[in-house]
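Summary of structural features
If you want the building blocks of each chain, they are given just below.
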Amino acid sequence: MDVVKAAQLSGRTLEKVVVHPLVLLSIVDHYNRVARDTRKRVVGVLLGTSSRGVVDVTNSYAVPFEEDDKDPRIWFLDHNYHESMFSMFKRINAKEHVVGWYSTGPKLKENDLDVHALFTNYVPNPVLVIIDVQPKELGIPTKAYYAVEEVKENATQKSQKVFVHVPSEIAAHEVEEIGVEHLLRDVKDTTISTLATEVSSKLAALKGLDARLTEIRGYLDLVIEGKLPLNHEILYHLQDVFNLLPNLNVNELIKAFAGENK
Amino acid sequence: LLLQSTMICIDNSEWMRNGDYSPSRFQAQADAVNLICGAKTQSNPENTVGVMTMAGKGVRVLVTPTSDLGKILACMHGLEVGAEANLAAAIQVAQLALKHRQNKRQQQRIIVFIGSPVTYDKKVLETIGKKLKKNNVALDVVDFGETDDEKPEKLEALIAAVNSSDSSHIVHVPPGDHALSDVLISTPIFTGEEGGSGFAASAAAAAATGATGYDFGVDPNVDPELALALRLSMEEERARQEAIAKKAAEDNKDQASSSTDAIMAEAELTLNAPADVDADLLKDDDDAQLLQQALAMSMDEGASGAAAVADAAMAEAAADDQDLALALQMSVQDAEAAGQSDMSKVFEDRSFVTSILNSLPGVDPNDPSVKDLLASLHGQGEDLVLMVTGKQNYLQNSINK
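Residues numbered from 1 in each chain as written. Chains lettered and ligands numbered in written order. Predicted model: local features only at pLDDT ≥ 70, side-chain atom pairs only at ≥ 80, totals over all residues. Heavy atoms only, no water.

**Thoughts on the overall build of chain A**
When helices and strands are counted, chain A shows seven helices and ten strands. For chain A, the residues scored as buried account for 32% of the 262 residues in total. Restricting to contacts in chain A with at least 6 residues of sequence separation, those with at least 24 account for 61%. Total accessible area computed for chain A in this model is approximately 18,300 Å², and 57% of it derives from carbon and sulfur atoms. (Helix = DSSP H or I, 4+ residues; strand = E, 2+ residues; numbered from the N terminus. Buried < 20%, exposed > 50% of the residue type's maximum accessible area, 1.4 Å probe, protein only. Contact = heavy atoms within 4.5 Å. Areas by Shrake-Rupley, 256 points an atom, 1.4 Å probe, with all protein chains shown as cover.)

Pasting the structure below:
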């Protein structure tokens, strides 16, 4: 199918997934067309480029997908449709390769690993991006994963594939940003003054921070109770966070803040 | 001609290594699948066929329903046998695949080859069968290979649950020297609902050679009306091709070359649809013939429509006048016929020509173009073919106006 150059096969682990706004728009449109008021999810293919551990997702399209609600092993994805569609997209922009697939979730499902395995035929290390089309919380709506073989410690079970989370962000080329701004003009309310908008955005940011702190606290509680395994990497990160907090108990600082400079 | 979308489920489990069907069960199954695909796509070019595996790496769709025979045959290449067949999951996935077919008017059909033992309960199979029946999906089962005690009953129960008005069939093929595909040809799976045996026979004959068994791929015994319609349209097309060839090259008797035959074979296929209608009505009386003319004219125009109408016009006129019938019959045959000299004498008789033209509908003898034609022809009585050309062109022009 798609001739992947040797450089891309270098086996570099994925560090970041960058999602462009066009992709978000297409996925939401796909969801609205097909499964708006149902509990079904929609699935499609992600196109883009991948270099130096960063996957840049620039385009996407939908594929016919169907699964049985009761039996997760029964699913059907029309891969002939995908092949014909991809060959057409290749003529528009030859640099866009298949980098993975998307699902509207909103969470991971049991047959995701099987669908993921289907995509390894088209790209060596595909990336799955779950888009939450009806987000209830703040923050970006995307979650990216890729599959890794997990070998059990005692090597008694066959090694399984497991999804590993990878950080994702929304970014755009300059031209895309101009387009997004245009669209936002209809969404934003221009009668509010700039001070009010700044205050409201600060408020939203603080809410987000509060939500994350609650989550960290919840996680630490579960670890203490023994319900979750201890993960050193997460603790290192948390330790770094606390180390970066300034120590406000130093005398000089108190004097500097509270004293009068005549 | 039945419009169908078919999903074929192949059993590529470990049981397929057995050699009780020559050369091996898997190979015999592959041949049968190839034959079915060929027959389906030949019987109606809009039919689509898809293939999926039940075992091996799991229940996987190899090819989604498509009418591209090459893709279907290619995907069977390099299939490996292994693991166990999952019948229930395979049928359900096949049903999902058919749900997403591109042309919703196609009838849904699943053909299952099951050569390994069936591990599922009768109850489970019956529930699946009922679901298929509810979604209007027909099911054909080819039971070969392993035969334990319950397998035939389970499969019969499945077919009974799916069957509605005899659309689903089951075939039990015992092991032996005969090829799986030969046994299948004579079964309802191939013959389908109407006169498909001709297609299957020609498909079998044509498997390697590519030539058609009967004249037009249709057995005159099976479907005489269709065969008649095809023959008529073939002759009509041949006459038209003659006229074009004459006009272009002013050459002499270049008919019956293989290339024109090929063109006519294609033209014959495209004329199948209107020919179907023509065949049904041609043998009826005049009212029906007029209706058929109207139908042919309302269909896609172009030379084929006009030719069919011209054929009908001539056929109608022929019914009235015996001499005219003779003249027309000779005019559509090869010009090498010995009757050419007779014909030229006939057409030299101007009054006779006028009477012929009078009896043809839509031809006005007082029309100046007709008068010019007659004048020119009177001077060249021997050139039979020009006469045919002129007549046909005039007919086509008058209809296209």
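This is not the end of the story, as more comes after the structure.
**A look at the pairing of strand β2 (residues 43–51) of chain A**
Residues and elements named next belong to chain A. Relative to strand β6 (residues 97–103), β2 runs antiparallel, the two sharing six bridges. Note on β6: the bridge partner recorded for L46 is G100. The sheet contact formed by β2 and strand β3 (residues 54–62) spans eight bridges and is antiparallel. Residue pairing across strands places S51 opposite V54, the latter belonging to β3. Once β2 ends, the chain turns through two residues before running back antiparallel as β3, passing R52 with a positive phi of about 55°. (Pairing = 2+ DSSP bridges.)

**Focus on the packing of helix α4 (residues 122–134) of chain B against helix α5 (residues 151–162) of chain B**
Residue and element names in this part refer to chain B. It is at 7 Å that the axes of α4 and α5 come closest, and there the two elements cross at 25°. One element, α4, and the other, α5, form an angle in the roughly parallel class. Like other packed secondary-structure pairs, α4 and α5 cross with a definite hand, here right-handed. Counting all contacts with α4, which are made through K122, L125, E126, G129, K130, L132 and K133, the residues of α5 involved are E153, K154, A157, L158, A161 and V162. Its residues assigned to classes, the contact of α4 with α5 comprises six nonpolar, one polar and six charged. (Axes fitted to C-alpha atoms, helices over the stretch in contact; angles between N-to-C directions. Parallel < 35°, antiparallel > 145°, perpendicular 65-115°, else oblique. Left-handed = near helix turned anticlockwise from the far one by under 90°. Nonpolar A, V, L, I, M, F, W, Y, C, P; charged D, E, K, R; others polar.)

**A short note on helix α3 (residues 87–99) of chain B**
Residues and elements named next belong to chain B. Between its first and last C-alpha, α3 extends 18 Å over 13 residues, near the 18 Å set by a 1.5 Å rise per residue. Most of α3 sits out of view: twelve of its 13 residues are buried. Here α3 has its buried residues at L87, A88, A89, A90, I91, Q92, V93, A94, Q95, L96, A97 and L98. At the N-terminal boundary of α3, the capping side chain belongs to N86, with an oxygen 3.3 Å from the backbone nitrogen of A89. (Expected span 1.5 Å × (residues − 1). Polar contact = N/O pair within 3.5 Å; in protein donor to acceptor, adjacent residues only side chain to side chain.)

**Quick notes on the interface of chain A and chain B**
Each side of the interface is counted separately: chain A has twelve residues, and chain B has 14 residues. In total, about 1,200 Å² of surface goes out of reach between chain A and chain B, with carbon and sulfur atoms giving 56% of it. Between the two partners, chain A and chain B, sit one salt bridge. For the salt bridge of E66 of chain A with K99 of chain B, the shortest nitrogen-to-oxygen distance reads 3.1 Å. Seen at the junction of chain A and chain B, the total is five residue pairs in polar contact (both at pLDDT 80 or more). If you tally residues by element for the side of chain A that touches chain B, the top one is strand β4 (residues 65–67) of chain A, at three residues. Within the side of chain A that touches chain B, the residues separate by chemical class into five nonpolar, two polar and five charged. (Buried area = accessible area lost by both parts, 1.4 Å probe. Salt bridge = Lys/Arg side-chain N within 4 Å of Asp/Glu carboxyl O.)

**Notes on a negative patch on the surface**
Residue and element names in this part refer to chain B. Judged by side-chain charge, D148, D149, E153 and E156 come together as a negatively charged surface patch. Along the chain, D149 turns up in the loop between β5 (137–143) and α5. Taking relative accessible area as the criterion, D149 reaches 69% and is therefore assigned exposed. (Patch = residues over 30% accessible without salt bridge, like charges linked within 9 Å, V, L, I, M, F, W, Y side chains within 5 Å. Lys, Arg positive; Asp, Glu negative; His and termini not counted. Charge placed at Lys NZ, Arg CZ, Asp CG, Glu CD.)

The quantities given are spatial measurements derived from coordinates; they are silent on function.
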